[in-house]
Amino acid sequence: MVRVRFAPSPTGMLHVGSLRSGLYNYLFARHLGGTCILRIEDTDQTRYVEGAEQNIFEMFRWTGIEFDEGPHVGGPHGPYRQSERTDIYRVHAQMLLDRGTAYYAFDTAEELDRMRERQKAAGVAPKYDRTSMRNQFTLGEEETRRLIDSGTPWTIRLFVPLTGETRTSDLVRGESVFPNKTIDDQILLKSDGYPTYHLANIVDDHLMEITHVIRGEEWLPSLPKHVILYDAFGWEKPQFAHLPLLLGPTRKKLSKRDGDVSVAEYLQKGYLPEALVNFVALLGWNPTADREIFTVEEMIAMFELEKVNKAGAIFDLEKLNWMNGMYLRQMPIERLAGDVLPILARAGFGNVEMIYAEAVVDLIKERITTLNDIPTFADYMFGPIRCIDFAYAQKHWKAGTQEQVAEMAGRFARLNPAEWTVSMIEGVVRGYAEELGLSAGKLIHPLRLAITGRQVGAGMFETMVVLGQGTSITRLREFTGPAV
RNA sequence: GCUCCCAUCGACUAGUGGUUAGGUCGCCACCCUUUCACGGUGGUAGCACGGGUUCGAAUCCCGUUGGGAGUACCA
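If you're wondering where the values come from, they're calculated on a predicted model, not measured in any experiment.

A. Spatial organisation of the nonpolar core. In this structure, Leu23, Phe315, Ile374, Met381, Phe412 and Val429 are the most contacted members of the largest nonpolar core, which totals 106 residues. Of the domains in this structure, domain 1 (1-71 + 244-330) and domain 3 (384-478) are the two that each give at least three residues to this core. The contacts of Ile374, once residues within four sequence positions are left out, are Val340, Leu344, Val361, Ile364, Ile368, Asp379 and Phe382. Of all hydrophobic cores here, the second largest spans 33 residues; its members include Ile156, Leu158, Ile183 and Met208.

As structure tokens, then:
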């Protein structure tokens, strides 16, 4: 039985890269009928951000990705918050101490800084120097005991052999070999009693019976440390799969500098969760080259780690926008209208009827990229015209136009309410155009101008139907040409 | 600097020795048309470079170059 985990640290809003990692874990587990767990890695007291954990839960709920075990749902391997497991890590650190694969160190931050400066000056790679720093080996057992008993702050470091090499294996990248002399004696237990990622992660993955570790490529360089740790404990290793990074436009790891990187921002901007998930899924994984749009169910059915790419992928907003538009057009209208009411309210259009919102969304959904575009794209559907496209007005509002518009308003008024349909309105306009010997466009543009104030919009007759007979006629009668 | 990873159109990718190197986004043109979109059609553009291996390399090997990640008592 396959068990995977998504293990974010609550240090900020959930990142789109994290969303993808979580998604891949979820797809992988569901594909194989396994279990996907959520573990909160909150071992850094200094970076803890209030509300971050809540944001993780909320964003995954928004995207529909569910975890089988986690702090929010419980499970047989809890607690799922590392800050609640500190005793476990301490016991395991002691196990390593007993086996001689870890040791006490007493160096202060300043001493370590000086060590790195010396190494840098000497042109050597920065790495903890076991032979010259203050630790169990240089101080001796007795002094070590005395320091600990006297309350001197201490840490526990991983003992990495100076010779030999460590081999790693990765499902997407294959085998790699790391010279042991380049691997640092990583701190496992910090002086504040909390574990570092490396210890907590290995211990929890083992205790939680994780079979596959699927995580970002930024962890690849520390994989040998993890391999050494598993061996030090004498534990069987899970399989590893390091995912290609999500990149910004400059090909560097996607970060805040590159714009919106948190899932919450895309929610706020009116993107549909289905579109975001679909988009992010295809960054680094491709089930088949002839399709772009997939439901989560389809992705689950097709997901394979073997099809995950090695190279990083740029997060391209243009394609996300296109994809969101695709989803917008195929989404059930009721669902969209429900989402759009709060957006309208925020834009100052309160008291909009659900049925009316549905009609407007249906009218313009082909022309917008996100739901947030609605209040600005079609403000005239929710209140009086706010602005007039002057160039458009100049082009289509000529001498005599006023009278033609008035005539059409009169004819529209003669339609009974049941006749307020696209075909009837169109009939009136085209009929009148024929009488005048004009192309219909000569009349439609003035109509559009008087009713919407701008050039770009949905079909004119459809717009008038949604807007209603009374409002349409009123606008035609009250419009007296572009203000000068 | 050191360690590791990576390399197909501008972007996301298909391709696992023999293809006119395919698809999608973007861009351009045309069609549809009351505008803008949608939709349809066509087009633009790519195997980083150099050596091998092979009858034959985008595909395999080596090197170069380029890019990235890591190098914390952060994850």
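On we go.
B. Focus on helix α7 (residues 197-207). Burial analysis of α7 places nine of its 11 residues in the buried class, the great majority of the element. Tyr197, His198, Leu199, Ala200, Asn201, Ile202, Val203, Asp204 and Asp205 are the residues of α7 that are buried. Those residues of α7 that are buried are in contact with β1 (3-6), α3 (86-99), β7 (187-189), β8 (212-216) and α8 (223-233). In the stretch just after α7, Glu209 is the one whose phi turns positive, near 60°.

C. Representation of the protein's contact with RNA strand B within the structure. Neighbouring residues of RNA strand B: 66 residues in total, closest Lys190, Lys252, Glu366, Arg367 and Gln455. Sugar and phosphate atoms form 73% of the subset of RNA strand B atoms that lie within 4 Å of the protein. A distance of 3.5 Å separates a sugar or linking oxygen of RNA strand B from a polar atom in the backbone of Ala289. Of all the elements in the fold, those that place two or more residues in the surface near RNA strand B are α4 (109-121), β4 (155-158), β6 (174-179), β11 (313-314), α12 (317-330), α19 (441-452) and α20 (460-467). For the surface near RNA strand B, the class distribution of residues is 25 nonpolar, 16 polar and 25 charged.

D. Representation of the confidence of the model for chain A. Confidence along chain A averages 96 in pLDDT terms, with 100% of residues attaining 70 or more. Taken over the whole predicted complex, pTM reads 0.96, whereas the ipTM for its chain interfaces reads 0.96.

E. A look at the pairing of strand β3 (residues 102-105). On β3, burial covers both faces: Ala102 and Tyr104 on one face and Tyr103 and Ala105 on the other are all buried. Of the pairings in the sheet, the one linking β3 to β4 comprises four bridges and is antiparallel in character. Opposite Tyr104, over in β4, you have Ile156 as the bridge partner.

F. A look at the packing of α3 against α7. Running from N to C, α3 and α7 point in directions that differ by 100°, and their axes come no closer than 10 Å. Taken together, the axis directions place α3 and α7 in an arrangement best described as roughly perpendicular. Judged by residue contacts, Ile88, Tyr89, His92 and Ala93 of α3 engage Leu199, Ala200, Val203, Asp204 and Leu207 from α7. Across the contact of α3 with α7, the residue classes tally to seven nonpolar, one polar and one charged.

G. Inspection of the sheet that holds β4 at higher detail. One open sheet accounts for three strands, arranged β3-β4-β7; its pairing is antiparallel. Strands at the two margins of the open sheet, each flanked by one partner only, are β3 and β7. Taking each pair of neighbouring strands and ignoring which way they run, the sheet shows an average axis angle of 45°. The strands that α3 touches are β3, β4 and β7; relative to β3, the one it contacts most, it runs at about 105°.

H. Broad picture of the pattern of salt bridges. According to the stated counting rule, one finds 27 salt bridges in the structure shown. A salt bridge links Arg167 to Glu165; its shortest N-O distance comes to 3.0 Å. Between Glu298 and Arg291 there is a salt bridge whose closest N-O contact spans 2.9 Å. By relative accessible area, Glu298 is classed as partly exposed at 29%. If you follow the salt bridges from partner to partner, you end up with Arg5, Arg39, Glu41, Arg85, Asp204 and Asp205 in one network.

I. Just helix α13 (residues 333-346), in detail. Taking 1.5 Å per residue as the helical rise, α13 with its 14 residues ought to reach 20 Å, and the 20 Å between its terminal C-alpha atoms agrees with that figure. At Val340, α13 shows its strongest bend, of approximately 30°, with the proline Pro342 following within four residues. Every buried residue belonging to α13 is among Ile333, Leu336, Ala337, Val340, Ile343 and Leu344, and all of these are buried. Where α13 is buried, its residues meet α12, α14 (354-364) and α15 (374-377).

J. Quick look at the pairing of strand β9 (residues 239-243). β9 sits mainly inside the fold: four of its five residues count as buried. Pairing of β8 with β9, which is carried by five bridges, proceeds in the parallel orientation. Among the inter-strand pairings, Ile214 is bridged to a residue of β9, identified as Ala241. A crossover connection joins β8 to the parallel β9 through α8; in handedness this β-α-β unit is right-handed.

K. Summary view of the domain arrangement of chain A. Taken domain by domain, chain A holds domain 1 (1-71 + 244-330), domain 2 (87-189) and domain 3 (384-478). Once you take the C-alpha centre of each, domain 2 and domain 3 turn out to be 79 Å apart.

L. A look at the environment of Thr370. Note that Thr370 resides in the loop between α14 and α15. As a C-alpha pair, Thr370 and Asn321 span 49 residues in sequence and 7.5 Å in three-dimensional space. Apart from residues no more than four positions distant in its own chain, Thr370 is found in contact with Lys269, Gly270, Tyr271, Asn324 and Leu328. At a separation of 3.2 Å, a polar atom in the side chain of Thr370 contacts the main-chain carbonyl oxygen of Lys269.

M. Expanded view of the packing of aromatic side chains. Scanning all chains against the criterion turns up 20 aromatic pairs. An angle of 65° between the planes, with centres 5.3 Å apart, marks the rings of Phe6 and Phe60 as edge-to-face. One end of the pair, Phe6, is in strand β1; the other, Phe60, is in helix α2 (residues 52-63), with 54 residues separating them in the sequence. For Phe60, a relative accessible area of 2% gives the class buried. Taking 5.1 Å as the distance between ring centres and 80° as the angle between the ring planes, the aromatic pair formed by Phe60 and Phe67 counts as edge-to-face. Among the aromatic residues, those joined into a cluster by ring pairs are Tyr103, Tyr128, Phe137 and Phe159. Here the basic side chain of Arg20 rests over the ring of Tyr24, its NZ or CZ set 5.2 Å away from the ring centre.

What counts, and where the lines are drawn
- Residues numbered from 1 in each chain as written.
- Chains lettered and ligands numbered in written order.
- Predicted model: local features only at pLDDT ≥ 70, side-chain atom pairs only at ≥ 80, totals over all residues.
- Heavy atoms only, no water.
- Core = buried A, V, L, I, M, F, W, Y, C linked by side-chain atoms within 4.5 Å.
- Buried < 20%, exposed > 50% of the residue type's maximum accessible area, 1.4 Å probe, protein only.
- Domains from an automatic or database assignment.
- Contact = heavy atoms within 4.5 Å.
- Helix = DSSP H or I, 4+ residues; strand = E, 2+ residues; numbered from the N terminus.
- Near = heavy atom within 4 Å.
- Polar contact = N/O pair within 3.5 Å; in protein donor to acceptor, adjacent residues only side chain to side chain.
- Nonpolar A, V, L, I, M, F, W, Y, C, P; charged D, E, K, R; others polar.
- pLDDT = per-residue confidence, 0-100.
- Pairing = 2+ DSSP bridges.
- Axes fitted to C-alpha atoms, helices over the stretch in contact; angles between N-to-C directions.
- Parallel < 35°, antiparallel > 145°, perpendicular 65-115°, else oblique.
- Salt bridge = Lys/Arg side-chain N within 4 Å of Asp/Glu carboxyl O.
- Expected span 1.5 Å × (residues − 1).
- Bend = angle between axes of the 7 residues up to and from the residue.
- Right-handed = clockwise from strand over helix to strand, strands pointing away.
- Phe/Tyr/Trp six-rings, centres within 6.5 Å; stacked < 30°, edge-to-face > 60°.
- Lys NZ or Arg CZ within 6 Å of the ring centre and 35° of its normal.

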